[in-house]
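# Summary of the model geometry
Residues per chain are reported as follows:
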Number of protein chains: 4
Amino acid sequence: MKTNKVAVIGASGYSGEELVRLLLWHPYVELTAVTSRQYAGQSIGAVFPRFGHNSTAGTLRFTEPKAELLATQAEIVFLALPHGVAAEYAAPLLQAGCRVIDLSADFRVKSPDVYKEFYGHEHPAPKLLDKAVYGLPEIYRAQIREATLIAAPGCYPTSILLPTIPLLKAGLIDPSNIIADALSGVSGAGRKVELDYLFVECNESVRPYGLPKHRHLSEMEQELSLAANQRVVIQFTPHLIPVSRGILTTLYLSPCPEVDADKVARTYDEAYGKEPFVRVLGNAALPDTKNVIGTNVLEIAWRLDPRTGRLIVMSAEDNLVKGASGQAVQSMNLMCGFAETAGLM
Amino acid sequence: MKTNKVAVIGASGYSGEELVRLLLWHPYVELTAVTSRQYAGQSIGAVFPRFGHNSTAGTLRFTEPKAELLATQAEIVFLALPHGVAAEYAAPLLQAGCRVIDLSADFRVKSPDVYKEFYGHEHPAPKLLDKAVYGLPEIYRAQIREATLIAAPGCYPTSILLPTIPLLKAGLIDPSNIIADALSGVSGAGRKVELDYLFVECNESVRPYGLPKHRHLSEMEQELSLAANQRVVIQFTPHLIPVSRGILTTLYLSPCPEVDADKVARTYDEAYGKEPFVRVLGNAALPDTKNVIGTNVLEIAWRLDPRTGRLIVMSAEDNLVKGASGQAVQSMNLMCGFAETAGLM
Amino acid sequence: MKTNKVAVIGASGYSGEELVRLLLWHPYVELTAVTSRQYAGQSIGAVFPRFGHNSTAGTLRFTEPKAELLATQAEIVFLALPHGVAAEYAAPLLQAGCRVIDLSADFRVKSPDVYKEFYGHEHPAPKLLDKAVYGLPEIYRAQIREATLIAAPGCYPTSILLPTIPLLKAGLIDPSNIIADALSGVSGAGRKVELDYLFVECNESVRPYGLPKHRHLSEMEQELSLAANQRVVIQFTPHLIPVSRGILTTLYLSPCPEVDADKVARTYDEAYGKEPFVRVLGNAALPDTKNVIGTNVLEIAWRLDPRTGRLIVMSAEDNLVKGASGQAVQSMNLMCGFAETAGLM
Amino acid sequence: MKTNKVAVIGASGYSGEELVRLLLWHPYVELTAVTSRQYAGQSIGAVFPRFGHNSTAGTLRFTEPKAELLATQAEIVFLALPHGVAAEYAAPLLQAGCRVIDLSADFRVKSPDVYKEFYGHEHPAPKLLDKAVYGLPEIYRAQIREATLIAAPGCYPTSILLPTIPLLKAGLIDPSNIIADALSGVSGAGRKVELDYLFVECNESVRPYGLPKHRHLSEMEQELSLAANQRVVIQFTPHLIPVSRGILTTLYLSPCPEVDADKVARTYDEAYGKEPFVRVLGNAALPDTKNVIGTNVLEIAWRLDPRTGRLIVMSAEDNLVKGASGQAVQSMNLMCGFAETAGLM
């Protein structure tokens, strides 16, 4: 039953923890190694008491991250590491024959120059960029199946790309006039011990941050440009809100002439009508992060505003699941030939 | 010292309660009557235990709302009633010589037709519309001083109008391309006992609602049109977020040609440099609702995005203070010749 | 695989919704009917969008609750109804041969007189009381296996009984001196549309309520008396805290002479060392509701205070899972001969 | 009007910030100096934007803490520093003729041995201990008026001592059987940048901590022993709950024989009937932290349980106001001969 061995490098952050949760209960894979400098020597159950009733969590212990060793312990290795560091592990693991699913930003942007512009340092492994597939299964399903290196998308990009790409591909909206206003729960910042993320600083607080040039713009604009077949620059404003999980994105779009509700509905239906993890809501409903928390589902709703002519598209996701670890497992399922929904329903 | 007598009709909702708070501790007015059908007979301190240590709150009791009686008890009467109902009280109170500050929507929109379009019923007192002054002191200070009837602005409109009007008046932005994305705490919905506002339904939840045609658009577009000297239609998306108080609004604006950072800075400085309740932040800071909660201050920050050419303006306010009751007291201060900041610092 | 058919009557409250969640993904049962007066005619997925990606949720519709009909649709019927009402459905369902798992208080208390004292009305079906088994699997596993009618325990009682019963049975504590201080999330109040449970009334608020004679005392004292083999009266103070889910209970107990840490440790180890859903923490850890949310696990920790001689025992559970629906499914698993953990891990 | 000059050393934590708030708007004192190593050189308004609309906050800058200099700038100096450090500043300031109000634990415990037992290091200024008055105005009003050194009580102690001392003094309860179960908001931990206090770690979490021997026991037991005129040891369990501010304490007490509701009511009425900052609730009400947040009020309610014979007393306070900075200002008012409520209503 448990046919494949998997490992997680850097399992002590929030997306690492979420990966561990999904992999511990996955029907077809066995979690054989987890690493964490901070927790080396302790069992998963001791570090994350919430998993304590799982038998693997009770016995499997965190180790120091060593690529050579991990290559002998697992066929698929997830990297839940900071950008810059992830690439260092990817190279030896790939060379040793592992398939790698990287949750950092290291392999998302195809151009080393753009990477440097947004991340502030030289790309650590430019030769691997060609190998990497952007792990958005609804867009790159076929490529993911064959990939050895997956660049799992960022949480904001997922919430923006899935609602926007079908509209761009179908030529329904003006690519030069895209505004994305996004609201993220605090786990999106990672498990960073900084003043800004203390309970008292976040509770009863709402605030924009990181504008106007957030790092995630690099991968978003790359993918939107591919969909539009022209260079796309967008407006993106992230906000921090006092929830643990969840991203709610509101997109302000300009429909092309003669685009009507029918065309939008048909486009979304063709794109996502059969997707297990994209839920396009009907006329009566609007997205709510509480409806997707803990699931790998992205909710989409849209309204054509007759007063302004704009198309408003809204999406909701769990930033740690569809926005990170769940989507990474979805890619793994594709790579291994499992049902795409295995361990995610 | 306490030279003027004031009353509050409909004091049992959240903005009514906030008015009571501000008036109980106001240095120059005496709160002589509060009404509430539901709580008639009970003291303020019994209904709102948080005010229990104020001596007036310990003794003043809620009464049934009767305009004739109230006219003998107070010179200034605040109406914290639902739209449609407020107008019924305004007429007899004005006739009896009271000055009236209405926190409902009844007198905000000058056109009875627009009122009907957005509120779904005939305007209950169209003859009074001419008398009413829109109670945004930073814009209508002189008129408020002379007014007998104030239409206190809505919470969303305050957060959008104050950042936008100076830019429109100075001709710095395109009036046809204004997008306002707003996030409101749950008290903005009033003290409504409805499923949607239960703790469990709001906690760990973020959701858009009421789009694309929210009622507040009527007063916003009226005031923006006046500032732009042309008809303005805007895009407005409200969201509900799990905080008790606070509105954070992000505005996406299109600067006119040759508008640069200097011009924006100068415009805001001229408009608000001396205003006690508008705080234009410098380059390093961004608004945060927790910095304005409990105060009558609206925070504004802005960024010109060199990548897109857009002007992003963000504001934060306490929806119950600057967005409702505090602003109403600010108007009262002007009407009575008090220091504008009396009881609000 | 899906060998048994199950139904839920009254599926629109929070514990009903949680039952639906657990049963939709349960490996061995098929959810064939859900009832709700309010939502009759709508699909599960329409009412609870969070389950929308489950195929059964997409098609199965809420119906009016009719016992005769349900008896033809399911072998096991869960009642998630208010007390008083539940008993009316239990009788015909049992007569028609169904097994019934009741989440209300109707069959928890063996004495109709005590029921009347605490619930304020005559017991609606006193003849069934003998049939009912109190659904606490860790205590009544054998009886649950054979039962046709299960009275699933209340959320507070679960958090208090599991930590206390082993100590009483082993004679380690004074039965006449038990104090239970409990903190509950707001979902514990049910999906009641009342002022007290509005977001703004609960957020940034902590308050005791319902003391000194909460209804749950009746079942707690019944079970504690059985364990102690003498009449037990306890002190119990519930508090409402601003979380959606979770109960944290702190018990103040008086150890009998010569009780030491070893005896306590051994008693808990014997009682729960092999239980899949009770996690007794070691010396370094203390319970935290966030470690049990969404799981059927109850966490226990204890400290002997050398300064006072008291034994402090603390427990944490998810009030909707181990405190309600998860525990009910655990009973179902026993009744059907499934693995006790099926659908709960 | 502003007759006295005051300074705050260590103004960058939560109670320092709250002190600054209270002193900026105090009618009779002028805040002339604030110190903070971290923020030296910046204005108050820059560090705490929420005070930005106060003119002093706009201009007064944080300085490095230097006792000699501060002694020339202020007559009263507040110390909002960690224990151990505070005492170092107290000595030179007192010598220079300043009066000192210390919010740390350094001067609360009269015995240097007990101090060492609970705080783990030698007392840094044992000679000053005799000088210090425990700053609980409702108990030590006369002594505070004459004091030069005030040890402002801890937040938990305030919530426990005020409800308990009158009962002990009147001989109504058994001093050997006091249990205090307390729930605190996260600001009680201070502005500590530690993993445990991150938003994601506190939100949807409730947990006990620091038992069974919390540091605050030292001052609580000292004061309770004085009230009972015998050595008192109590049980105390603190819990962390997801609110920013507020402490809710539930006390389990054993009434002495023949104590009835009348005696309890009379005792509290005599103790607190005229106190401006203690609100003893009637039969119908229970404390709720949201009713005291932002105020210097402590709410008390009590119930005699006829089933158990116990007396349950509950209190609510704002841990940063009555539990820290507000109470410190109340002491300052007494020391300066101001109205005790000045700046606190």
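Note on numbering: residues in each chain are counted from 1, in written sequence order. Just so you know, chain letters begin at A and ligand numbers begin at 1, following the order they were written in. Confidence filtering applies because this is a predicted model: local features only for residues at pLDDT of at least 70, side-chain atom pairs given and counted only at 80 or more, and all residues used for totals across whole chains, interfaces and linings. Heavy atoms from the whole structure form the basis of all side-chain values; hydrogens and water molecules are not counted.

### Remarks on the interface of chain A and chain D
Tallying the contact residues gives 19 residues for chain A and 19 residues for chain D. Computed with a 1.4 Å rolling probe, the buried area is the accessible surface lost when two parts are put together, summed over both parts. Carbon and sulfur atoms make up 66% of the area that chain A and chain D hide from each other, which totals about 1,700 Å². Each salt bridge in this description consists of a side-chain nitrogen of Lys or Arg and a carboxyl oxygen of Asp or Glu lying within 4 Å of one another. Linking chain A with chain D are two salt bridges, by the criterion used here. Where E201 of chain A meets R191 of chain D, a salt bridge forms, and the shortest distance between an N and an O atom there is 3.4 Å. Counting of polar contacts relies on pairs of N or O atoms within 3.5 Å, with two restrictions inside protein: one atom must be capable of donating a hydrogen and the other of accepting it, and residues adjacent in sequence are counted only when both atoms are side-chain atoms. Our count for the contact surface shared by chain A and chain D stands at eight residue pairs in polar contact (both at pLDDT 80 or more). Just so you know the grouping, Ala, Val, Leu, Ile, Met, Phe, Trp, Tyr, Cys and Pro go in nonpolar, Asp, Glu, Lys and Arg go in charged, and all remaining residues, Gly too, go in polar. When its residues are assigned to classes, the side of chain A that touches chain D shows 12 nonpolar, three polar and four charged. Residues are treated as being in contact if the distance between any of their heavy atoms lies within 4.5 Å.

### Remarks on the packing of helix 8 (residues 155-169) of chain A against helix 11 (residues 261-272) of chain A
All names here are of chain A. Closest axis-to-axis distance for the helix 8/helix 11 pair is 10 Å, and the angle between their directions is 115 degrees. Taken as axis vectors, helix 8 and helix 11 run roughly perpendicular relative to one another. The interaxial crossing formed by helix 8 with helix 11 has right-handed handedness. Within the contact between the two elements, helix 8 uses L162, P163, P166 and L167 and helix 11 uses V264, T267, Y268, A271 and Y272. Class assignment for the residues of the contact of helix 8 with helix 11 results in eight nonpolar, one polar and no charged. Comment: axis = line fitted to C-alpha atoms, over the contacting stretch for helices; angle = value between 0 and 180 degrees taken between N-to-C directions. Helix and strand definitions follow DSSP, with helices as H or I runs of at least four residues and strands as E runs of at least two, each counted in order from the N terminus. Working definition: roughly parallel below 35 degrees, roughly antiparallel above 145 degrees, roughly perpendicular at 65 to 115 degrees, and oblique for all remaining angles. The sense of a crossing depends on the near helix, which, turned anticlockwise from the far helix by less than a right angle, makes the crossing left-handed and, turned clockwise, makes it right-handed.

### Observations concerning the pairing of strand 5 (residues 99-102) of chain D
All names here are of chain D. Across four bridges, the pairing between strand 4 (residues 76-79) and strand 5 is parallel. In the sheet register, V77 faces strand 5, and the bridge partner there is V100. In this fold, strand 4 hands off to helix 5 (residues 85-95), which returns the chain to strand 5; that crossover is right-handed. Whether two strands pair depends on DSSP finding at least two bridges between them. For strand 5 and strand 7 (residues 149-151), the ladder comprises three bridges, and the chain directions are parallel. Bridge pairing in strand 7 places I101 opposite I150. If you view a crossover with the strands going away from you and the path from the first strand over the helix to the second runs clockwise, you call it right-handed.

### Quick word on the interface of chain A and chain B
In this assembly, 48 residues from chain A lie in contact with 48 residues from chain B. Summed over both partners, the interface of chain A with chain B comes to about 3,900 Å²; 56% of that surface belongs to carbon and sulfur atoms. On the chain A side of the contact with chain B, E204, V206 and R307 of chain A bury the most area, a combined 19% of that side's loss. One can count six salt bridges joining chain A with chain B. The salt bridge partner of R207 of chain B is D288 of chain A, with a shortest N-O separation of 3.4 Å. Taken together, chain A and chain B are joined by 26 residue pairs in polar contact (both at pLDDT 80 or more). Looking at the side of chain A that touches chain B, the elements that each hand over two or more residues are strand 8 (179-184), helix 9 (199-202), strand 9 (207-208), helix 10 (217-228), strand 10 (235-240), strand 11 (247-253) and strand 14 (311-317) of chain A. At four residues, the largest contribution of residues to the side of chain A that touches chain B is made by strand 8 of chain A. Per-class residue counts for the side of chain A that touches chain B are 24 nonpolar, 11 polar and 13 charged.

Treat this as a map of the structure, not an account of what it does.
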